[in-house]
Amino acid sequence: MLILGIDTSCDDTSASVVRGGKEILSDIVSSQDRIHKKYGGIVPELASRRHIEMIWPVVNEALLEARITSTDIAAIAVCHGPGLIGSLLVGCSFAKALCYAHRIPLVAVNHLEGHIFSCFLESRVDEVSPLISRGSPEFPFLSLIVSGGHTSLYRVDRFGKYKELGRTRDDAAGEAFDKVSKLLGLGYPGGPIIERYAHEGNPKAVEFPRAYLPENLDFSFSGLKTAVSNYLRKEVHISLPDICAGFQQAVVDVLVKKTEWALRRERMKRVVLAGGVAANSALRGRFLLLAAERSLEVWIPPRPLCTDNAAMIAAAGYHHFRDGETSDMELNPKAYLPL
Ligand code: KG4
Ligand code: ZN
């Protein structure tokens, strides 16, 4: 069964064809980084306009690369939130038009559900680590979603049954990377740039605070961002690599510690790391260490499937479609859409 996935939730226009919820036949992502770079963050109006320009070429390329036409598609899965409303509207309107014109069923997918199900996809660019589990995880499992818009821990009991155990009370981890990068004048998106600098720095040279918020599984990263800003105002001689390494270490420490707490509380041995920040080498490394120390099964998607992509939307959409969950033409995107 072939599903065409579409994601325009934020600043990437993406379309993908996935067979059987697992096998990626194509996964096209048109990045808008070049457009938003000079503003140090996403400008929603520019994002929507670019989606309008790119949606058809991207969908067309996804079909061509998969060597199929729209008549071969069983359903179109589209991300209907959470995200930027103008961006979501482009993907949803386009998917509805295509479904209507070709009489194809429409399936609505929550973006966070997509991130969780990215680990069900078979990838051609798998990282060679015996510590990363292969194949689909068995239920139940724990999922840490760390992206530019979200930082949450979920208990996943089965497809469609998610319990949020904790979430960020202010900035998402990726947002903290982006804001600190802007403070340091390093550019957007901040995550990969900070990771590059951090590689050359000493994570112990600058001790930034960790908000562990004892007794619960929520996160907070705005204090860390302020601490970096205060440090920059106070210090005369700064080392960019040391600041980046210290900041990255503080974020990773909190994410790993909270995941450990959640695993213990829920008596779980399986964990899935997902979202753009999961592309971070330091975080991936610490998760693998955790797996080795605590005999856990850990799933971490290859980097291109951590950041936003439509293959994950098609993977989650496959399960909805198989369960008979389709949408009609009334489908409207929502900027705020809890799982
Ligand atoms: O999942 P995603 O592509 O979009 C959202 O759903 O938000 O995540 C984007 C976020 C950005 O904040 C970006 O800076 C961060 O993921 N990111 C990283 C890395 N690559 C992307 N953060 C840390 N290290 C990275 N290598
Ligand atoms: Zn995302």
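In this numbering scheme, every chain counts its residues from 1 along its sequence in written order. Chain letters and ligand numbers both follow the written order, the letters beginning at A and the numbers at 1. Two thresholds apply to this predicted model, a pLDDT of at least 70 for residue-level local features and 80 or more for giving and counting side-chain atom pairs, whereas whole-chain, interface and lining totals are computed over all residues. Side-chain calculation: all heavy atoms of the structure are included, whereas hydrogens and water are not.

Time to look at the coordination of the zinc ion (ligand 2). Any N, O or S atom lying within 2.8 Å of the metal counts as a donor, with the limit raised to 3.2 Å for Na, K and Ca; because water is left out of the atom set, some sites can appear incomplete. Those protein atoms acting as donors to the zinc ion (ligand 2) are H111 (NE2), H115 (NE2) and D308 (OD), and they sit at 2.0 to 2.1 Å. Irregular is the label for any site that misses the other tests, which are tetrahedral for four donors with all angles between 85 and 135 degrees, and square planar for four donors or octahedral for six when opposite donors exceed 155 degrees and the remaining angles lie between 65 and 115. Taken together, the four donor atoms coordinating the zinc ion (ligand 2) and their angles of 94 to 140° define a geometry best described as irregular. Mapping the donors of the zinc ion (ligand 2) onto the primary sequence gives the spacing H-x3-H-x192-D. In this pair, H115 sits in helix α4 (residues 111–117) while D308 sits in the loop between α10 (303–306) and α11 (311–322), placing the two residues 193 residues apart along the sequence. Neither H115 nor D308 differs from the other in exposure class; each is buried. The way it works is that DSSP assigns letters per residue, a run of H or I at least four long becomes a helix, a run of E at least two long becomes a strand, and they are numbered from the N terminus. Here the term buried applies to any residue with accessible area under 20% of the maximum for its type, exposed to any over 50%, and partly exposed to those in between, with areas from a 1.4 Å probe on protein chains only.

Strands qualify as paired when DSSP identifies two bridges or more between them. Sheet architecture is open: five strands sit in the order β3-β2-β1-β4-β5, paired in mixed fashion. The two strands at the open ends of the sheet, each matched to only one other strand, are β3 (23–31) and β5 (106–110). Neighbouring strand axes in the sheet, compared pairwise and without regard to direction, differ in orientation by 20° on average. Sheet topology places strand β4 (residues 75–81) next to β5; five bridges connect them, and they run parallel. Bridge pairing in β5 places G81 opposite N110. Only heavy atoms enter the contact rule, under which two residues are in contact if any of them lie within 4.5 Å. Each axis is a line fitted through C-alpha atoms, and for a helix only the stretch in contact is used; angles between axes span 0 to 180 degrees, taken between their N-to-C directions. Each of β1 (2–7), β4 and β5 touches helix α3 (residues 85–102); the most contacted strand, β4, lies at about 155° to it. Across the sheet, α11 lies against β1, β2 (12–19), β3, β4 and β5, angled at about 120° from β5, the strand it touches most.

We define a salt bridge as a side-chain nitrogen of Lys or Arg found within 4 Å of a carboxyl oxygen belonging to Asp or Glu. This structure, assessed with the given rule, holds 18 salt bridges. With a closest N to O distance of 3.1 Å, K179 and D171 form a salt bridge. The buried category is assigned to D171, whose relative accessible area is 6%. Across the pair R294 and E260 runs a salt bridge whose closest N-O atoms are separated by 4.0 Å. Linking R294 in helix α9 (residues 281–294) with E260 in helix α8 (residues 240–266), this pair joins segments that are 34 residues apart in sequence. Residue R294 is classed as partly exposed on the basis of its relative accessible area of 21%.

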